[in-house]
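Report on the structure
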Amino acid sequence: VSGKVRAQRAKVMKFKDGYLISSGQPSLEYCDHASRHVDMRQGILGVKVSIMKPHDPEGKIGPKTPLPDKIQVNDPKEEEVPTQPQP
């Protein structure tokens, strides 16, 4: 992000890439948020950053709890084919 701040009023620019949770308890566990204000000659520029941590079963680089929207699909059970008709 570079250039002049041309307007007298506040400006908002959003940059997004990938998957980011924004609400609920997983947002508190998985996301790191930070905001800073930069004093420039033309005015103040505010920057907000949110970074989502990856899931880590050991809990070293991310939270242990899996995301609640993760779905695990099990393989179907093998059905027995009847050789004789049932009464």
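Calculation notes
Residues numbered from 1 in each chain as written. Predicted model: local features only at pLDDT ≥ 70, side-chain atom pairs only at ≥ 80, totals over all residues. Heavy atoms only, no water. Pairing = 2+ DSSP bridges. Helix = DSSP H or I, 4+ residues; strand = E, 2+ residues; numbered from the N terminus. Buried < 20%, exposed > 50% of the residue type's maximum accessible area, 1.4 Å probe, protein only. Contact = heavy atoms within 4.5 Å. pLDDT = per-residue confidence, 0-100. Salt bridge = Lys/Arg side-chain N within 4 Å of Asp/Glu carboxyl O. Patch = residues over 30% accessible without salt bridge, like charges linked within 9 Å, V, L, I, M, F, W, Y side chains within 5 Å. Areas by Shrake-Rupley, 256 points an atom, 1.4 Å probe, with all protein chains shown as cover. Polar contact = N/O pair within 3.5 Å; in protein donor to acceptor, adjacent residues only side chain to side chain.

Once that is clear, we can look at the pairing of strand E1 (residues 31-39). When E1 meets strand E2 (residues 44-52), the two strands line up antiparallel, connected through nine bridges. Bridge pairing in E2 links Ser35 to Lys48. Hairpin connection between E1 and E2: a loop of four residues separates the two successive antiparallel strands, and Gly43 in this loop has a positive phi of roughly 155°.

It is worth spelling out the side chain of Ser27 at this point. Topologically, Ser27 is positioned in helix H1 (residues 25-30). Under the relative-accessibility criterion, Ser27 is labelled buried at 7%. The residues contacting Ser27, other than those within four sequence positions of it, are Ile21, Ser22 and His33.

On average, residues of the protein score 82 in pLDDT, and 85% of them reach the 70 mark or higher. Put simply, E2 is where the protein has its lowest mean pLDDT, 84, and H1 is where it has its highest, 90.

Before going further, it helps to examine the pattern of salt bridges. A full pass over the atoms with the stated rule returns one salt bridge. One salt bridge connects Asp32 with Lys53, and the closest N-O pair in it is separated by 3.7 Å. Placement of the pair is Asp32 in strand E1 and Lys53 in the segment after E2, with a sequence separation of 21 residues. Judged by its relative accessible area of 42%, Asp32 falls in the partly exposed class.

Side chains of Val38, Met40, Val47, Val49 and Ile51 sit close together on the surface and give an oily, nonpolar patch of about 370 Å² of accessible area. Here the element with the most residues in the nonpolar patch is E2; it accounts for three residues. For Ile51, the location among the structural elements is in strand E2. A relative accessible area of 53% means that Ile51 is categorised as exposed.

Our next topic: the environment of Asp56. For Asp56, the location among the structural elements is in the segment after E2. Between the alpha carbons of Asp56 and Pro66 there is a distance of 8.3 Å; along the sequence they are ten residues apart. Ignoring any residue separated from it by four or fewer positions in sequence, one finds Asp56 in contact with Ile61, Gly62, Pro63 and Lys64. In this structure the side chain of Asp56 is engaged in a polar contact, spanning 2.7 Å, whose partner is the backbone nitrogen of Lys60.

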